[in-house]
Amino acid sequence: MAIAFLKIPPEDAVTRLQECARKGYATRHAMQGEYDQAGHGNITDSMVTDWINRINNWANETRQELLDIYDSPNYMYKFLEAPPNTISTAEDQRFTNLKFGLLERVETLNRYV
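As the structure is a prediction and not an experimental result, all values here were calculated from the model. (Residues numbered from 1 in each chain as written. Predicted model: local features only at pLDDT ≥ 70, side-chain atom pairs only at ≥ 80, totals over all residues. Heavy atoms only, no water.)

This part takes up the overall build of the chain. When its secondary structure is counted, the chain shows four helices and zero strands. Of the regular secondary structure in the chain, the N- to C-terminal order runs α-α-α-α. By the burial criterion, 40% of the 113 residues in the chain qualify as buried. Sequence-distant contacts, at least 24 apart, represent 70% of the contacts inside the chain between residues at least 6 apart. Surface summary for the chain: the accessible area is close to 6,300 Å², and the carbon and sulfur share equals 52%. (Helix = DSSP H or I, 4+ residues; strand = E, 2+ residues; numbered from the N terminus. Buried < 20%, exposed > 50% of the residue type's maximum accessible area, 1.4 Å probe, protein only. Contact = heavy atoms within 4.5 Å. Areas by Shrake-Rupley, 256 points an atom, 1.4 Å probe, with all protein chains shown as cover.)

If you want it as structure tokens, here you go:
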């Protein structure tokens, strides 16, 4: 982590970044539980819309945290532009794309700590 670019004490930055990552993992695990409960062939458009909204809410909160933590907006841009790691699986492709996009953003945060 580039301490020279922090607006807040390093300890606070680490705590806030870890909390953002924790929320991202919690969002992903909640989505996975809902996916597993519904079953592969039973994913509805409304479920996908709800997942997109939750990911966007988490990403927007995290984006603001990054702007509050770092002097440079580059960390926020790297987070938002994290390339999704899409791997073909037996899961619904919409779910897979959302899940891996979310996880790549969480991993981007983990590289900041």
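Our focus in this paragraph is helix H1 (residues 10-38). Taking 1.5 Å of rise per residue, 29 residues should cover 42 Å, and H1 covers 42 Å from first to last C-alpha, within 8% of that figure. For H1, the full list of buried residues reads Ala 13, Leu 17, Cys 20, Ala 21, Gly 24, Thr 27, Arg 28, Met 31, Gln 32 and Tyr 35. Buried-residue contacts for H1 involve helix H2 (45-69) and helix H4 (93-112). Gly 39 lies just past H1 and shows a positive phi near 90 degrees. (Expected span 1.5 Å × (residues − 1).)

By secondary structure assignment, the location of Val 48 is in helix H2. By relative accessible area, Val 48 is classed as buried at 9%. Distance in space between the C-alpha atoms of Val 48 and Phe 95 is 7.0 Å, their sequence separation being 47 residues. If near-sequence neighbours (up to four positions away) are discounted, Val 48 is found in contact with Ile 43, Arg 94 and Leu 98.

With that settled, the discussion passes to the packing of H1 against H2. Relative orientation of the contacting elements H1 and H2 amounts to 175 degrees, with a least axis distance of 10 Å. Looking at the two axes, H1 sits roughly antiparallel to H2. Residues Ala 13, Arg 16, Leu 17, Cys 20, Lys 23, Gly 24, Thr 27, Ala 30, Met 31, Glu 34, Tyr 35 and Ala 38 of H1 form the contact with H2, whose participating residues are Met 47, Asp 50, Trp 51, Arg 54, Ile 55, Trp 58, Glu 61, Thr 62, Glu 65, Leu 66, Asp 68 and Ile 69. Residues that form the contact of H1 with H2 fall into these classes: 13 nonpolar, three polar and eight charged. (Axes fitted to C-alpha atoms, helices over the stretch in contact; angles between N-to-C directions. Parallel < 35°, antiparallel > 145°, perpendicular 65-115°, else oblique. Nonpolar A, V, L, I, M, F, W, Y, C, P; charged D, E, K, R; others polar.)

Let's shift gears to the pattern of salt bridges. The full count for this structure, using the stated rule, is seven salt bridges. Between Asp 50 and Arg 54 there is a salt bridge, with the nearest N and O atoms lying 2.7 Å from each other. With Asp 50 and Arg 54 both in helix H2 and four residues apart, the pair spans about one turn of that helix. Note that Arg 111 is salt-bridged to Glu 104, the shortest N-O span being 3.3 Å. The exposed category is assigned to Arg 111, whose relative accessible area is 55%. Relative accessible area serves as the criterion here: at 17%, Glu 104 is assigned to the buried category. Beyond isolated ion pairs, a larger network of salt bridges with shared partners links Arg 16, Glu 65 and Asp 68. (Salt bridge = Lys/Arg side-chain N within 4 Å of Asp/Glu carboxyl O.)

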